[in-house]
Amino acid sequence: MVHKVKKAILPVAGMGTRFLPASKAMPKEMLTLVDKPVIQYIVEEAIASGIEEIIMVTGRGKNAIEDHFDRSLELEHHLEKRGQKIELEKVRKISDLCDFWYVRQKEPLGLGHAILRGRDIIGDDSFAVLLGDDVMYSDREPVLMQLIETHLQTNASVVGVQQVADSEISKYGVIDPQNGDHPPKTVLVKGLVEKPPLEKAPSKLAVLGRYILTPEIFYWLEKVERDQKGEIQLTEGLNMLCKESPVYAHDFYGIRYDTGDKLGFLKATVEHALRRSDLGNEFREYLSSLRPPVDRRKHGLGSLEH
Ligand code: UTP
């Protein structure tokens, strides 16, 4: 019998070296897109997809994430006293989003290792994994919900994929798809390769930050050998799993932003700001004015000219 997916693991224990120095004393998952931390967008996607319990895999220096999803009585009291009702509601809503569990990954030994840390809480249920720096935007169903629907149809593990440019392939886990009589957006996976050079990539379909996994994955992750960096890769666990049980790739509808990467973060910031009803129009006008000549005074910016 196929059960609904109610639990999700969010690994947030990585070092965020691509975002130094910002990530030295602050988790990169707490960087904000306009006024909301990256991790809150991801939690909201999970909840909108039917997730009820979230297991955060955290590490040293990640306390700000725990605090963000906890109640802040002092702040609530302060806002109440000042009559700032809208702000008060926003702050309260965050801690009421769902049930959170926190488990520690003492050393960042890879995504596979991080997921193994959630094993006891997950138990025998299929579960979702959402990477803590991949933000998705969809104007239809949330991306995770699309994957859950494929899982409910197939009763198998499902990885979210999209086609990426040749120059990007070597940054991702890439699937070897089997052509068959499956719906066009969903394909059976024959194998996966982690960060292949372009000439060795089995396809252009990269795994992008969203997974639905059956609990069998834990058995295979225990068997994965550490790579040259001493890490346990989820890609290798999935590669083993797909030789024994069906694993599907779902080419999801939506835009994915890699906010752990500087350029990806900038793109996410600009596009999220442009979509905001309170800021979008003014921000769009400002951006178009940046094409020379820039009228800095009109936008309340100082001038460098004397
Ligand atoms: P990344 O590889 O993007 O994160 O992992 P990183 O290792 O922090 O990044 P760089 O390369 O050093 O800049 C994707 C997600 O998985 C988590 C990260 O926190 C991130 O949200 N992760 C990664 C873990 O929880 N544990 C790990 O051992 C590795």
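Residues numbered from 1 in each chain as written. Predicted model: local features only at pLDDT ≥ 70, side-chain atom pairs only at ≥ 80, totals over all residues. Heavy atoms only, no water.

**Side note on the overall build of the protein chain**
Inference 1: Scanning the protein chain for helices and strands turns up 11 helices and 13 strands.
Inference 2: Here the C-alpha radius of gyration of the protein chain, 21 Å, is about what a compact globule of 306 residues would show, namely 19 Å.
Inference 3: Of the contacts formed within the protein chain by residues at least 6 apart in sequence, a portion of 75% connects residues at least 24 apart.
Inference 4: Looking at the protein chain as shown, the accessible area adds up to about 17,000 Å², and 50% of this sits on carbon and sulfur atoms. (Helix = DSSP H or I, 4+ residues; strand = E, 2+ residues; numbered from the N terminus. Rg over C-alpha atoms; globule rule 2.2 N^0.38 Å. Contact = heavy atoms within 4.5 Å. Areas by Shrake-Rupley, 256 points an atom, 1.4 Å probe, with all protein chains shown as cover.)

**A word on the environment of Asp 35**
Inference 1: For Asp 35, the location among the structural elements is in the loop between strand S2 (32-33) and strand S3 (36-37).
Inference 2: Counting along the chain gives 238 residues from Asp 35 to Ala 273, while the straight-line C-alpha distance between them is 9.5 Å.

**Overview of the site of the ligand**
Inference 1: Within the structure, the ligand sits among 18 residues, and Ala 13, Gly 14, Thr 17, Gln 105 and Gly 110 are positioned closest to it.
Inference 2: Separating an oxygen atom of the ligand from a backbone N or O atom of Leu 109 is a distance of 3.3 Å.
Inference 3: Separating an oxygen atom of the ligand from a backbone N or O atom of Gly 110 is a distance of 2.7 Å.
Inference 4: With respect to the pocket detection grid, the ligand is positioned in the largest pocket.
Inference 5: When the residues that make up the shell around the ligand are grouped by side-chain class, the tally is 8 nonpolar, 6 polar and 4 charged. (Near = heavy atom within 4 Å. Polar contact = N/O pair within 3.5 Å; in protein donor to acceptor, adjacent residues only side chain to side chain. 1 Å grid on protein atoms, 1.4 Å probe; cavity = no way out; pocket = protein on both sides within 12 Å on 5 of 7 lines; lining within 4 Å. Sits in = over half its atoms within 2 Å of the grid points. Nonpolar A, V, L, I, M, F, W, Y, C, P; charged D, E, K, R; others polar.)

**Comments concerning the packing of aromatic side chains**
Inference 1: Under the criterion given, the structure shown has 6 aromatic pairs.
Inference 2: Look at Phe 69 and Phe 100: their rings are 4.8 Å apart centre to centre, the planes differ by 35°, and that puts the pair in the tilted class. Taken as a pair, Phe 69 in the loop between helix H2 (63-68) and helix H3 (73-82) and Phe 100 in strand S5 (residues 99-104) lie far apart in primary sequence, 31 residues in all. Each member of the pair, Phe 69 as well as Phe 100, carries the same accessibility label: buried.
Inference 3: Note on Phe 127 and Phe 218: the rings are 5.2 Å apart at their centroids and 10° apart in plane angle, and the pair reads as stacked. Of the two residues, Phe 127 is situated in strand S6 (residues 127-130) and Phe 218 in helix H8 (residues 216-223); the sequence distance between them amounts to 91 residues. Phe 218 matches Phe 127 in its accessibility class, with the two residues each being buried.
Inference 4: Lying across the ring of Tyr 253, Arg 140 places its NZ or CZ 3.7 Å from the centre.
Inference 5: It is Arg 275 that lies over the ring of Tyr 137; its NZ or CZ is 3.6 Å from the centre. (Phe/Tyr/Trp six-rings, centres within 6.5 Å; stacked < 30°, edge-to-face > 60°. Buried < 20%, exposed > 50% of the residue type's maximum accessible area, 1.4 Å probe, protein only. Lys NZ or Arg CZ within 6 Å of the ring centre and 35° of its normal.)

**What to know about the layout of surface pockets**
Inference 1: One number sums up the size of the largest pocket: a volume of about 1,500 Å³.
Inference 2: Residue lining of the largest pocket: 50 residues in total, with Arg 18, Leu 131, Asp 133, Lys 171 and Lys 195 positioned closest to the centre.
Inference 3: In terms of residue class, the lining of the largest pocket is built from 20 nonpolar, 13 polar and 17 charged.
Inference 4: In this structure, the second largest pocket encloses a volume near 560 Å³.
Inference 5: For the lining of the second largest pocket, the secondary structure elements donating two or more residues are S3, helix H1 (38-48), helix H4 (85-95) and helix H10 (262-275).
Inference 6: Ranked by residues supplied to the lining of the second largest pocket, first place goes to H4 with 4 residues. (Points joined across faces, edges and corners; volume = space filled by probe spheres on them.)

**A few points about the nonpolar core**
Inference 1: In terms of nonpolar packing, the biggest core is built from 42 residues, with Leu 10, Ile 51, Ile 54 and Met 56 touching the most fellow members.
Inference 2: Where this core is concerned, the elements lending two or more residues are strand S1 (7-11), H1, strand S4 (53-58), S6, strand S7 (134-137), helix H7 (143-154), strand S11 (205-213) and H10.
Inference 3: A per-element tally of this core places H1 first, with 6 residues.
Inference 4: Residues within four places of Ile 51 in sequence aside, it is in contact with Val 5, Lys 6, Lys 7, Ala 8, Ala 46, Ala 128, Leu 144 and Ile 148.
Inference 5: Membership of the second largest hydrophobic core comes to 34 residues, among which are Val 103, Leu 116, Leu 131 and Val 187. (Core = buried A, V, L, I, M, F, W, Y, C linked by side-chain atoms within 4.5 Å.)

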